[in-house]
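# Structure at a glance
This is what each chain is made of:
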Amino acid sequence: MKNFKPSALTLALMLSGVTLASMPSFAADDDKDKKKEVEPEAAVEVIEIRGFRRSLIESLNTKRYSDTVVEAVSADDMGALPDVSIADAISRLPGVTAVRSGGQSSELNIRGMSGGFVFSTLNGREIVTDQGGRSVQFDQYPSELINQVQVYKSQKASLVEGGVAGSIELKTANALENDQDHTFTIQTKLSYNDAADSHPDADPMGNRLSFAYQGKFLDETLGVSIGYARLQQPKISTQFVSYQPQCGILPFNGAPTTSTTDCDGLDPDATGAYAKYIAPTGFELMARGGEELREGLMGSITYQPNDTFTLKADGFYSKFDSQGIDRGFRVSGIGSILDGSSIDFENPVLSGDNSEIIVGGTYYRDQGDVRDNPPYPRFANTMTLQVQADDNTTNSEVLSFGLNAEWILNDDLTMTIDVAHSEGESNYRDEVMRLATFNDASATNPVVTDDIVLNYELNGLNLPSISFNDDIQNALSDPSRMMVGSLEKYPHIEENSANSARLDFKLAIDSAVVSSLETGIRWSDRAYHIKRQAYNYCDIGNYGNNLRNGNYVLGYDQDGNPIESETCRPYQLKAGEYEVVQLEGDFADFPAFISVDNDYIESTWLANEDTQARQDWRYDWTIWQESEIKEETLAFYIQANLDTEVFGLGLSGNLGVRVINSTQQAIGVESPAVEGAGDPIYDDFGVARTIYKHSTLEVDYTDILPSMNLSLQLSENDQLRFAAAKVMARPEMGDMAVSGQWSYGIDQEDNLRKANLNRATSPEVRPFYANQFDLSLEHYFSETEGALIFALYYKDIESFPESVTIPDYNFEAAGVEVPAVDNNGVPVVSGDYTVLLNNGQGGFFKGAEVTYTQTFSFLPGIWQGLGVSASYSYTESEVESEFTAVAGGENSKSSYPFLSPRVWTAALFFDWDDTLSTRINARYREEYVGNQIALGDEQKAFFAEELIVDYQASWQFSEELQGIFSVNNLTDEPNRSYFGTQAMTGTLQYFGRQFYVGLNAKF
């Protein structure tokens, strides 16, 4: 059997506290009682290594001695990571990128694949998110409570399945591994956001506070770790969002386009049609303010009475209240200049290679004020202006706990038992209050101001030019003109839970090839539930669409007078109930506007009305969008760990296979075969209807996932890795929901009327499968700390879930009741079945990574403290994303969603005299396709490249006391998106810089 001989550097690290025991696995992975004591050579100098350099070396050693392709983030003490959340620290690893939410790193992508393909565990157990996706929101996890992270880029049989992109393992502290008997750490920081002053709902100041204790008792057989972290900071963003543009014909003679095809892909000369243009449809300008309050609690107890038994119980709890109040104004309906003349348009500004893109002009809602104004019944206009206050607050909680017991049954056999529970819940408020502009808010029946002139011009990835005629410009900030007209609530309530139990065995083998065998079985049960609710002021108001725009009179008598019972009067603001907001900085040229406190106005205006959102048949989507999904798995694996020699070179790694049986079940409602003959379903008001029927759908399948990891020791400091595995990522929980809607049509071939069933989501969808291969060459420096690593990777994707139509489907054989007649009583036969299935079409993801890390200890004097850590990743894929960037136009083709072809990270750090430690970090990602939120819906768009720069520094006043200073988003890098070309602006979102200053104390 090959024995590992540590280098001088490793010995020095061991003596300074960076022990091999803290690493997950090694080339020679023997049982505890077979590990030999490493005697340091007399010539080795004892080196005390601290700070970022120490963390970096720990991470390199984790990578070097792992039996898989892995990246790591380490901290020598609980609470030593300086980042706001663990997401920031992970996003600096090679091939890992972050998707920012509200300016903070949240979802993590690995090698170009989105968070839904990333599997995440805490202390080896599956993490459920507070929402319904597979992607974990890592900003939920305080960095103070996590002291190690490993990102597995290759799979082995003993790892829980679920990550096609990779798996992320978070680890909390174990007090028995602490050097000292008792340690107590306190961290306190003040924060300041330089963009918060202009936001009415944000305080620029914030704070962070954390406590951590680790202690050993009973002659070092009992270890206790407790940690608490609290973050309070402003949530800030200032944003311009342009809605999805539209392709159509202009009702005037604009500049002619010079392209041979239009935005819909047709040749106007060949079809004899008018040339078409791409036109904006609307926009919103918002200042988001609020407060984020996150509290996290971690605890673990480890009991090890002897060398053969270890019992550990651990738990983690996080509560994250993210308040987000959007204040601003929105204009919609300006796209109606296409294919119609409901509004007037002049002075077009054209862009694009063929002058086919309208990026601006002058828009008139009612030029000359010739039409009747709202609320008069003869009013008709599509261009609207609203001031609004959106409450996008999300309250979420995550809880995980587990119990693990390990027995060394004899010299060769170890048994481990683990049981765990994880749960998360989220309540997203999704409330909006809208104000309209009136001529006189004090009038008995106020009349909406109709003479609106908008001067508007997009400016690519820079802020646009927006102004109104003087009367409207002044009215937006005038409480005698602005009135609250509507209140709408559409909360999302989500719950997730998972239970698991596993039994593992490890058998040491005295063999020239295999060092040990591992086998085990794991059971898991996961459940997801989503519920939707709704409330609208004056529910007869058609979901608030009329009230939003000042049409508050919904019924008139025969004399043309308003019917009071059908009149939903707007609210006139009083002194002290509003604030005038004028944005600052780059947004200072935009008009000022009225801002109101939603909760206060609601309690004053609607004090006598029940405004609680509920499931309501008047909004039937609150009935059919409620669903419950259950997922049960049973997995077995066997894995052989290798430790041998080939041609005199050490070879280590593992071979294994994992077999998983999965059951997917969905409970919900769908349309019955006979219209109106469904089950009586009650809403929260006790109203029952029989529009839908209860359905339970279930599928069962088995997967076999082989894996291999090999590491060839070319020299003392060089090794070659190869990994191959079949991997899987389970479908999103929401994609497995019950759905079903019958429709009817005529088959042109046999002239029969057929019943077709459409299931947009279904538990029939299978996981996302891939065969992946990794090859890397690693060189570790001997004269200084660091490494140079080259890696290649290839993922062969088998299929993607997509909507598939199966013609002339045999519903009867599948146990599905088919309507005998359509809604008009006409006989029908079985028709087509449209369902979410795996399409059998795949493609590859392939790429390369280069990682360079080095400390320059060979430099003279003070410069020995310099160091650098950098990585570059390139990924390409033949898998394309197709989406409609321009409504009514051709589909746009792009790389797979969230795939940035080029990604790099770099950190330059400097340590001096164990006193000063400072570093600057940069993260770059190339453009990608993602989701922007507008009008309450997700719209796919192209996101421009971004470069995030952070800075951290610390000063060690004494052994116990350390000062901290850091800046996040040093250059105030925005999120920027566009539709197809940069001339068609999407989102421009700025977050400001976040400054931190504080003290760390350790006793």
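Use the structure listed above.
An account of the accompanying structure is given in this report. (Residues numbered from 1 in each chain as written. Predicted model: local features only at pLDDT ≥ 70, side-chain atom pairs only at ≥ 80, totals over all residues. Heavy atoms only, no water.)

## Notes on the overall build of the chain
Which entries qualify depends on this criterion: A helix here means a DSSP run of H or I that spans at least four residues, while a strand means a run of E at least two residues long, and both kinds are numbered starting from the N terminus. Remark: exposure states derive from per-residue accessible area (1.4 Å probe, protein chains only) relative to the maximum for the residue type, with buried under 20%, exposed over 50%, and partly exposed in between. Any two residues having at least one pair of non-hydrogen atoms within 4.5 Å are treated as being in contact. The method behind every accessible area is Shrake-Rupley, applied with a 1.4 Å probe, and residues are considered shielded solely by the protein chains displayed.
On a plain count of helices and strands, the chain comes out with 8 helices and 57 strands. With 1003 residues in all, the chain has 58% of them scored as buried. By sequence separation, contacts in the chain at least 24 residues apart represent 73% of the contacts at least 6 residues apart. Surface summary for the chain: the accessible area is close to 40000 Å², and the carbon and sulfur share equals 52%.

## With respect to the state of the cysteines
By definition, a disulfide links the sulfur atoms of two cysteine residues through a covalent bond. For clarity, the cut-off: Any cysteine sulfur atom paired with another within 2.5 Å is treated as part of a disulfide.
Tallied over the entire structure, the rule returns 1 disulfide. The partner cysteine of Cys538 in its disulfide is Cys568, sulfur to sulfur 1.5 Å. One quick way to see it: the torsion about the S-S bond of Cys538 and Cys568 is about -40°, and its sign makes the bridge left-handed. Of this pair, Cys538 sits in the loop between strand 29 (535–536) and helix 6 (545–548) while Cys568 sits in the loop between helix 6 and strand 30 (571–572), placing them 30 residues apart in sequence.

## Describing the pairing of strand 20 (residues 384–391)
Operational definition: Here the rule is simple: two strands pair whenever DSSP picks up at least two bridges between them.
Counting buried positions along strand 20 yields 8 of 8 residues, so the element is predominantly enclosed. Every second residue of strand 20 is oriented toward a common face, with Thr384, Gln386, Gln388 and Asp390 on one face and Leu385, Val387, Ala389 and Asp391 on the other, all of them buried. Inspection of the sheet shows strand 17 (residues 325–332) paired to strand 20 by 8 bridges, in the antiparallel sense. Bridged to Gly328 within strand 20 is Gln388. Alignment of strand 20 against strand 23 (residues 431–437), held across 5 bridges, turns out to be antiparallel. Residue Asp390 lies in a different strand from strand 23, and its bridge partner there is Val432.

## Digging into the nonpolar core
Basically, it comes down to this: Buried Ala, Val, Leu, Ile, Met, Phe, Trp, Tyr and Cys residues form a nonpolar core when they are joined through side-chain atoms within 4.5 Å.
Counting 78 residues, the largest nonpolar core has Tyr363, Leu454 and Phe468 as its most contacted members. In this structure Phe468 touches Phe329, Val331, Leu385, Ile452, Val453, Leu454, Gln473, Leu476 and Pro591, once residues within four positions along its chain are discounted. One finds Leu108, Ala729, Phe768 and Tyr896 within the second-largest nonpolar core, a separate group that totals 41 residues.

## Points about the side chain of Glu946
Among the secondary structure elements, Glu946 is positioned in strand 53 (residues 946–956). The residues contacting Glu946, other than those within four sequence positions of it, are Ala98, Arg100, Arg923, Tyr924, Arg925, Glu973, Pro974 and Asn975.

## Section: helix 7 (residues 598–605)
Quick note on the threshold: By construction, the arc corresponds to the directions joining the helix axis to the C-beta atoms. Here a polar contact means two N or O atoms within 3.5 Å. Within protein one must be a hydrogen donor candidate and the other an acceptor candidate, and residues neighboring in sequence count only if both atoms are side-chain atoms.
Turning to helix 7, its buried residues are Asn598, Ile601, Glu602 and Trp605. Along the long axis of helix 7, the arc covered by the buried residues comes to 100°, so they all point the same way. Packed against the buried residues of helix 7 are strand 17, strand 20, strand 23, strand 26 (482–489) and strand 30. Capping the start of helix 7 is the job of one residue whose side-chain oxygen sits 3.1 Å from the backbone nitrogen of Asp599: Asp597.

## A short note on the pattern of salt bridges
Counted only if it meets this: Salt bridges are identified by distance alone: a Lys or Arg side-chain nitrogen within 4 Å of an Asp or Glu carboxyl oxygen.
Enumeration according to the criterion identifies 37 salt bridges in this entry. One salt bridge in this structure joins Glu161 and Arg658, with 2.8 Å as the shortest N-O distance. Residue Glu161 is located in the loop between strand 6 (148–152) and strand 7 (166–171), and its partner Arg658 is located in strand 34 (residues 649–670); the two are separated by 497 residues in the primary sequence. Owing to a relative accessible area of 4%, Glu161 belongs among the buried residues under this scheme. Taking the shortest distance from any N to any O, the salt bridge between Arg759 and Glu764 comes out at 4.0 Å. Judged by its relative accessible area of 5%, Arg759 is buried.

## Concerning the pairing of strand 24 (residues 453–459)
By the bridge criterion, 5 bridges tie strand 19 (residues 357–364) to strand 24 in an arrangement that is antiparallel. Directly across from Thr362, in strand 24, lies its bridge partner Asn455. Sheet analysis places strand 24 next to strand 25 (residues 462–468), joined by 5 bridges and oriented antiparallel. Following the sheet pairing, Glu457 is matched in strand 25 by Ser465. Hairpin connection of strand 24 to strand 25: 2 residues between the antiparallel strands, including Gly460 at a positive phi of 65°.

## A look at the packing of aromatic side chains
The cut-off we apply is this: Here the aromatic set is Phe, Tyr and Trp, taking the six-membered ring for Trp, and pairing holds for ring centres within 6.5 Å; pairs whose planes are under 30 degrees apart are stacked, those over 60 apart are edge-to-face, and all others are tilted. For a lysine, the NZ atom is tested; for an arginine, the CZ atom; a charge sits over a ring if that atom is within 6 Å of the ring centre and within 35 degrees of the ring normal.
With the rule as written, the count across this model stands at 30 aromatic pairs. Here Phe283 and Tyr456 contribute two aromatic rings whose centre-to-centre distance is 4.6 Å and whose plane-to-plane angle is 20°, an arrangement assigned as stacked. Residue Phe283 is found in strand 14 (residues 282–289), and its partner Tyr456 is found in strand 24; the two are separated by 173 residues along the sequence. Pair check on accessibility: Phe283 and Tyr456 agree, each one buried. Between Trp904 and Tyr924, the ring centres sit 5.7 Å apart and the planes meet at 20°, which makes this aromatic pair stacked. Note that Trp904 is positioned in strand 49 (residues 902–912) and Tyr924 in strand 50 (residues 916–925), a separation of 20 residues in sequence. Residue classification places Trp904 among the partly exposed residues on the basis of a relative accessible area of 29%. In this structure an aromatic cluster arises from ring pairing among Phe117, Phe768, Phe845 and Tyr896. Sitting over the ring of Tyr793, Arg111 keeps its end group 4.0 Å from the ring centre.

## Focus on the sheet that holds strand 44 (residues 829–838)
Filter applied, for reference: What counts as an axis is a line fitted to C-alpha atoms, over the stretch in contact for a helix, and the angles between N-to-C directions run from 0 to 180 degrees.
Here we have 4 strands laid out as an open sheet, ordered 39-40-44-43, and mixed in their pairing. With one partner strand each, in any of the chains shown, strand 39 (741–746) and strand 43 (801–806) form the two edges of the open sheet. Between one strand and the next, the sheet's axes are offset by a mean angle of 25°, whatever the strand orientation. Of the strand pairs in this sheet, strand 40 (residues 753–759) and strand 44 are connected by 5 bridges, and their pairing is parallel. Among the inter-strand pairings, Lys754 is bridged to a residue of strand 44, identified as Val829.

## Let's talk about unusual backbone geometry
With phi around 55°, Asn123 is a residue other than glycine that occupies positive phi space. Summarising the element assignment, Asn123 is placed in the loop between strand 4 (118–122) and strand 5 (125–126). Residue Asn123 is classed as buried on the basis of its relative accessible area, which comes to 17%. Positive phi is not limited to glycine here, since Asp913 has a value of about 55°. By secondary structure assignment, the location of Asp913 is in the loop between strand 49 and strand 50. A residue is classified by how much of its surface remains accessible, and Asp913, at 56% relative accessible area, is exposed.

## Observations regarding a nonpolar patch on the surface
To keep it simple, the criterion reads: Patch membership requires more than 30% relative accessible area and the absence of a salt bridge. Residues of like charge join within 9 Å; the nonpolar side chains Val, Leu, Ile, Met, Phe, Trp and Tyr join within 5 Å.
A cluster of nonpolar side chains, Leu714, Leu720, Phe722, Phe773, Leu775, Leu777, Phe790, Leu792, Tyr794, Val850 and Tyr872, forms an exposed patch at the surface whose accessible area comes to about 890 Å². Listed by contribution, the elements that provide at least two residues to the nonpolar patch are strand 38 (718–729), strand 41 (768–780) and strand 42 (786–797). On the secondary structure map, Leu720 appears in strand 38. A relative accessible area of 32% means that Leu720 is categorised as partly exposed.

## Comments concerning the environment of Asn823
Checked against the element boundaries, Asn823 lands in the loop between strand 43 and strand 44. When its relative accessible area of 49% is taken as the criterion, Asn823 is described as partly exposed. As for Asn823 and Val674, which are separated by 149 residues in sequence, their C-alpha atoms are 8.1 Å apart. Ignoring anything within four residues of it in the chain, the contact list for Asn823 reads Glu675 and Tyr744.

## Considerations on the sheet that holds strand 4
One key point about sheets: their strands pair by backbone hydrogen bonds, in either a parallel or an antiparallel sense. The 5 strands lie next to each other as 1-6-7-4-5, forming an open sheet whose pairing is mixed. Bordering the open sheet on either side are strand 1 (70–74) and strand 5, each of which pairs with just one other strand.

## A few points about the environment of Phe468
Its place among the elements puts Phe468 in strand 25. Measuring from C-alpha to C-alpha, the distance between Phe468 and Asn455 comes to 6.0 Å, with 13 residues separating the pair along the chain.

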